[in-house]
Amino acid sequence: MSVNMVRIFFTKSGRAIYTSHLDLTRAMSRALCRSGLPVWYTEGFHPHLYMTFALPLSLGTTGLCEAMEVKMLEDVPYEEIVTRLNDAMPEGLRAISAAAPVMQPKEIMWADYRLYIRCRTAEGREALDKFFALPEIPTEKRSKKGIKTVDIKHMMQLLSIEDIENGLLVNLRCRAGVEINLNPTLALDALAQTTGFRADQVKIERYAVLTEELKDFK
Amino acid sequence: MTLDQLDLLLSQVQKPARYTAGEMGAVVKELKPGMLRYAFCFPDLYEVGMSHLGMKILYGHANRRDDVWCERVFAPDTDMQQVMEEMGVPLFALESLDPVKEFDLIAFTLQYEMCYTEVLNMIDLAGLPIRAADRKDPFPLVVIGGPCASNPEPIADFVDLVSLGEGEEISDELFDLCIKAKKEGWDKAEILRRAAQIPGMYVPSLYTVEYNEDNTIKAMVPHDGAPEVVQKRVVTDLDKVYYPETFVVPFIEIVHDRAAVELFRGCNRGCRFCQAGFLYRPIREKSPETVAKDAKNLITSTGYDELGLTSLSTSDYCGLEPLLDNLLDWTEARHVNLSLPSLRIDNFSKELMEKIDRVRKSGLTFAPEAGTQRLRDVINKNITEEDVLKTCRTAFAGGYTAVKLYFMMGLPTETNDDIKGIADLAQKVVDLFYSMPERPKGKSVSVNISVACFVPKPYTPFEFEPQATMDELREKQKYLLSCVRSKKISVSYHDSTTSVLEAALARGDRRLCAVVEGAFRKGSRLDGWENHFKPDAWNEAFEESGVSPDFYAYRRRYYDEVMPWDHLDYGVTKSFFIREHKKAMEGTTTPSCFVGCNGCGAQRLTGGVCKCL
């Protein structure tokens, strides 16, 4: 039996950003069941719906270009996959497009984030200028293996800082992928630690996932 | 509250998806003038409340009406409550995020006694006075239902209305009354007076309790036209009654994360310790066709990969085998697992096991409840040691290696021989495994004994019985451990501290309201959770109120004593319970209702018959 790998791009916003990655997996799997799409199940003792995500998103972060892959047992037009999935998905999750995968998830190198920082702008700018001028930024990073200190300076690039109502909008490019991944909240923690600056509220939005050549992941 | 404001709270708490709603199946309506706003509250965390089937049914049932919007409310966990209090955010309903205080009806379902302080906490967090008498406005009205509403006296002072029996029957009448009351501007007293005329609606404030000198109850005196006795409401035909076509599908994992269909309500067995078995009588079965239809609807609309067929005794369902034949091919093709909780040990056949096996093999759980035949006869469990061993033999031959056995301790007439019997029975199961040449090769057996403390409950033949004291229960636990010799047997048991409180509240009267309030004021909430339970707060509350828990938990009642729930009629008569209690003391059993009618009285409610297939 031939199975077709399909990559589905979707957004995660509104109430759905509070869904953890594990919960998202479950929600997507149920949405796929409801949609009635001919998805492939793994074989073996406990068959389950096959599904992988290119780059998991942190709880609380909005995602505008999230990608997941499933296998289809039949040829279904890509537009139909999008429509049927959208009819079955909860509030805050929306499929945008579906296509055969072009790239491998391991080609992902960067992700671009918008950080909406609620603060007094002068204070925020001063802290950010100081932060990005630091020659190195050793930061404690928690992983499955324990806590270790890494220099996050070269894991991020500041793209821009703009004034917005009640604060600042920071465009930040972070290393992303299986090998090295920087969560922007870790950068914000480091910002607080090195400068003492704490925002009143931060909203984070991932708007691009890129390869080494800064091409959109497809 | 807007979603933006909610964001500020959610960034500070664990498991924020408990508070966001927006799940598939959540009902969001456009608010129209005159619409009745109904907050369905479960006084426990989201994961627990969302697992409750009754809430799913009544949520869909209320929302089928255009003039009612029913929303869900759960107890916030302590971190969320702290953030809400710091930021001045009152208790809100999940779908609209509007404050519960602005609703017309605030309903709580009471599934266990240990939730009472949480009910008070949620009323308080909503910004309302906790005592009904202090809530002068006609709305919101606080109404309670669920099994613990069968003796609502320990929380009677905090609630306006008590709904007895099955909500599908009474809800519409309550909604209509409230809509009319709002239109015509009735005051609270008038609403309560008229509500008391709805069959099945108990209005505690319209009853005065008179006590005897020995602190027992002399009489419950109704006034303002309230009836002497309030009789619970029951659905007569489960094939015709409303059943949801979809459930709210949560994002986070909940306790029972699956689609569920009821097979029947009530129970034919009559185990004398079991409140549910009597409270939900008479027996009414759903036809296999309706069950299959409901199941397919739910699986298709929710996308769940597990289906639970629920009842108090699933293997007693007359149509089980044809139903499974009908369902299994369908579920298997969709990778849906079937779960059959509450299987009995005496009719668990090889065929049934093979059917369950077709989907997934997990551990088997059975409930002999007592260790010796003598005590099993006293409690009318009606299973024998041969039943237990025969079932285990079937299971082992079918490849199972783990069996979980449920028992109780502190049962009426229990002696150390009965406790030792628990360990002996478990040992016999272990020995059986090793005596079988066809046992699973190269595997070891594991028998887990789980022992609960018996709590005498209202509406059972044991409602007259004193509970075993905490010291006695601890002694029994110690003795049981000393009787277990094999490493293949593991023992787990519940703490006895909460059991005493549960016993006091279960058979308590209105004087316990002061204690429940006192415990709440001292910080008690979420008492069902070991990490939240504060025994000192309760002890102090009892002391300050001058009420002793022993009076309620440890005292033997005489047959002619007026029970705090005698004015509430759940079908089964007190004379039946007295008859059954006498038989228990003689060690005589009563057969299943399927053998012949035992005349419990419940059939009065459905016109003289139990509806069985």
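The structure presented is a predicted model; accordingly, all values stated were derived computationally and were not measured.

A word on the overall build of chain B
Phase 1: Across its full length, chain B carries 20 helices and 19 strands.
Phase 2: By the compact-globule yardstick of 25 Å for 613 residues, chain B fits well, its C-alpha radius of gyration being 24 Å.
Phase 3: A principal-axis box enclosing the C-alpha atoms of chain B has dimensions of 75 × 65 × 50 Å.
Phase 4: For chain B, the residues scored as buried account for 50% of the 613 residues in total.
Phase 5: For chain B, the share of sequence-separated contacts (at least 6 apart) that also reach a separation of at least 24 residues comes to 79%.

Brief notes about the overall build of chain A
Phase 1: Broken down by element type, chain A carries 4 helices and 10 strands.
Phase 2: Reading the secondary structure of chain A in the N-to-C direction produces β-α-β-β-α-β-β-α-β-β-β-β-α-β.
Phase 3: The dimensions of chain A, computed from C-alpha atoms along their principal axes, are 60 × 35 × 30 Å.
Phase 4: Within chain A, buried positions represent 34% of all 218 residues.

Concerning the packing of helix H3 (residues 53-63) of chain B against helix H6 (residues 167-184) of chain B
All names here are of chain B.
Phase 1: It is the contact of H3 with H6, at a shortest axis distance of 10 Å, that shows an interaxial angle of 35°. Handedness of the H3/H6 crossing: right-handed. Along its contact with H3, which presents Ile57, Leu58, His61 and Ala62, the element H6 presents Gly167, Glu168 and Ser171.

Looking at the sheet that holds strand S10 (residues 259-262) of chain B
Residues and elements named next belong to chain B.
Phase 1: Overall, parallel pairing links the 3 strands, which are arranged S10-S13-S14 in an open sheet. The open sheet terminates on both sides in strands that have one partner only, identified here as S10 and strand S14 (337-339). Strand-to-strand twist across the sheet, computed as the mean angle between neighbouring axes with direction ignored, equals 20°.
Phase 2: Looking at chain direction, strand S13 (residues 306-310) and S14 are connected through 3 bridges and run parallel. Note on S14: the bridge partner recorded for Leu307 is Leu338.
Phase 3: Along the sheet, helix H9 (residues 288-302) contacts S10 and S13; its crossing angle with S10, the most-contacted strand, is approximately 165°.

Focus on the domain arrangement of chain A
By a widespread convention, an interface's size corresponds to the accessible area lost as its parts come together.
All names here are of chain A.
Phase 1: According to the domain assignment, chain A consists of domain 1 (4-101) and domain 2 (106-211).
Phase 2: Domain 1 and domain 2 are separated by 28 Å when their C-alpha centres are compared.
Phase 3: Taken together, the contact pairs 9 residues of domain 1 with 11 residues of domain 2.
Phase 4: Residues of the side of domain 1 that touches domain 2, tallied by class, amount to 5 nonpolar, 4 polar and no charged.

Topic: the interface of chain A and chain B
Phase 1: Of the residues lining the interface, 18 residues belong to chain A; the matching set on chain B comes to 19 residues.
Phase 2: Its residues assigned to classes, the side of chain A that touches chain B comprises 8 nonpolar, 5 polar and 5 charged.

Concerning the packing of helix H3 (residues 121-133) of chain A against helix H4 (residues 184-195) of chain A
All names here are of chain A.
Phase 1: With their axes 10 Å apart at the nearest point, H3 and H4 run at an angle of 95° to one another. As far as their axial angle goes, H4 and H3 are roughly perpendicular. Two secondary-structure elements touch here, H3 through Ala127, Lys130 and Phe131 and H4 through Leu191, Thr194 and Thr195.
Phase 2: Residue composition of the contact of H3 with H4, by class: 3 nonpolar, 2 polar and 1 charged.

Regarding unusual backbone geometry
Residues and elements named next belong to chain B.
Phase 1: For the peptide bond that leads from Phe139 to Pro140, omega is 0°, which places it in the cis range.
Phase 2: With respect to the helices and strands, the residue Pro140 is situated in the loop between helix H5 (116-125) and strand S4 (141-145).
Phase 3: Residue Pro282 follows Arg281 across a cis peptide bond; omega there is 0°.
Phase 4: Among the structural elements, Pro282 can be located in the loop between helix H8 (275-279) and strand S12 (284-285).
Phase 5: One non-glycine residue, Leu97, adopts positive backbone phi at about 65°.
Phase 6: In this fold, Leu97 is placed in the loop between helix H4 (78-87) and strand S3 (105-109).
Phase 7: With 18 C-beta atoms counted inside 10 Å, the residue Leu97 sits in the partly exposed group.
Phase 8: Unusually for a residue other than glycine, Asn215 sits at a positive phi of about 75°.
Phase 9: With respect to the helices and strands, Asn215 occurs in the loop between strand S7 (207-211) and strand S8 (217-222).

Quick word on the sheet that holds strand S16 (residues 402-409) of chain B
All names here are of chain B.
Phase 1: A sheet is described by the order of its strands in space; here 4 strands give the open sequence S15-S16-S17-S18, paired in parallel fashion. The open sheet has two free edges, formed respectively by strand S15 (364-369) and strand S18 (489-493), since each of these has just one partner strand. Geometrically, the sheet is characterised by an average inter-axis angle of 25° between neighbouring strands, direction not taken into account.
Phase 2: Bridge count between S16 and strand S17 (residues 446-453): 8 bridges; the pairing is parallel. Across the sheet, residue Leu405 finds its bridge partner in S17, namely Ile449.
Phase 3: Here helix H14 (residues 416-435) sits on the sheet and contacts S15, S16, S17 and S18; the angle it forms with S17, its principal contact strand, is near 160°.

Brief notes about the pairing of strand S7 (residues 146-151) of chain A
Residue and element names in this part refer to chain A.
Phase 1: S7 sits mainly on the outside: 0 of its 6 residues count as buried.
Phase 2: Sheet analysis places strand S6 (residues 138-143) next to S7, joined by 6 bridges and oriented antiparallel. From the neighbouring strand, Lys141 faces S7, where its bridge partner is Lys148.
Phase 3: Linking two consecutive strands that pair antiparallel, namely S6 and S7, is a turn of 2 residues.

Description of the confidence of the model for chain B
Phase 1: Residues with a pLDDT of 70 or more make up 96% of chain B, whose mean pLDDT is 93.
Phase 2: The complex prediction reports pTM at 0.93, with the ipTM value standing at 0.86.

Examining the environment of Leu31(B)
Residue and element names in this part refer to chain B.
Phase 1: Looking at the element boundaries, Leu31 is found in the loop between helix H1 (3-10) and strand S1 (36-42).
Phase 2: You can call Leu31 exposed: it has 9 C-beta atoms within 10 Å.
Phase 3: For the pair Leu31 and Val221, spaced 190 residues apart in sequence, the C-alpha separation works out to 42 Å.

What about helix H16 (residues 496-506) of chain B?
Residue and element names in this part refer to chain B.
Phase 1: With 9 of 11 residues buried, H16 is to be regarded as a mostly interior element.
Phase 2: Listed as buried for H16 are Ser496, Ser499, Val500, Leu501, Glu502, Ala503, Ala504, Leu505 and Ala506.
Phase 3: Buried residues along H16 sit in contact with H5, S17, helix H15 (470-483), helix H17 (512-521), helix H18 (535-545) and helix H19 (549-553).

Conventions we followed
Residues numbered from 1 in each chain as written. Chains lettered and ligands numbered in written order. Predicted model: local features only at pLDDT ≥ 70, side-chain atom pairs only at ≥ 80, totals over all residues. Helix = DSSP H or I, 4+ residues; strand = E, 2+ residues; numbered from the N terminus. Rg over C-alpha atoms; globule rule 2.2 N^0.38 Å. Buried ≥ 20, exposed ≤ 12 C-beta atoms within 10 Å, placed from the backbone. Contact = placed C-beta atoms within 7 Å. Axes fitted to C-alpha atoms, helices over the stretch in contact; angles between N-to-C directions. Left-handed = near helix turned anticlockwise from the far one by under 90°. Pairing = 2+ DSSP bridges. Domains from an automatic or database assignment. Nonpolar A, V, L, I, M, F, W, Y, C, P; charged D, E, K, R; others polar. Parallel < 35°, antiparallel > 145°, perpendicular 65-115°, else oblique. pLDDT = per-residue confidence, 0-100.

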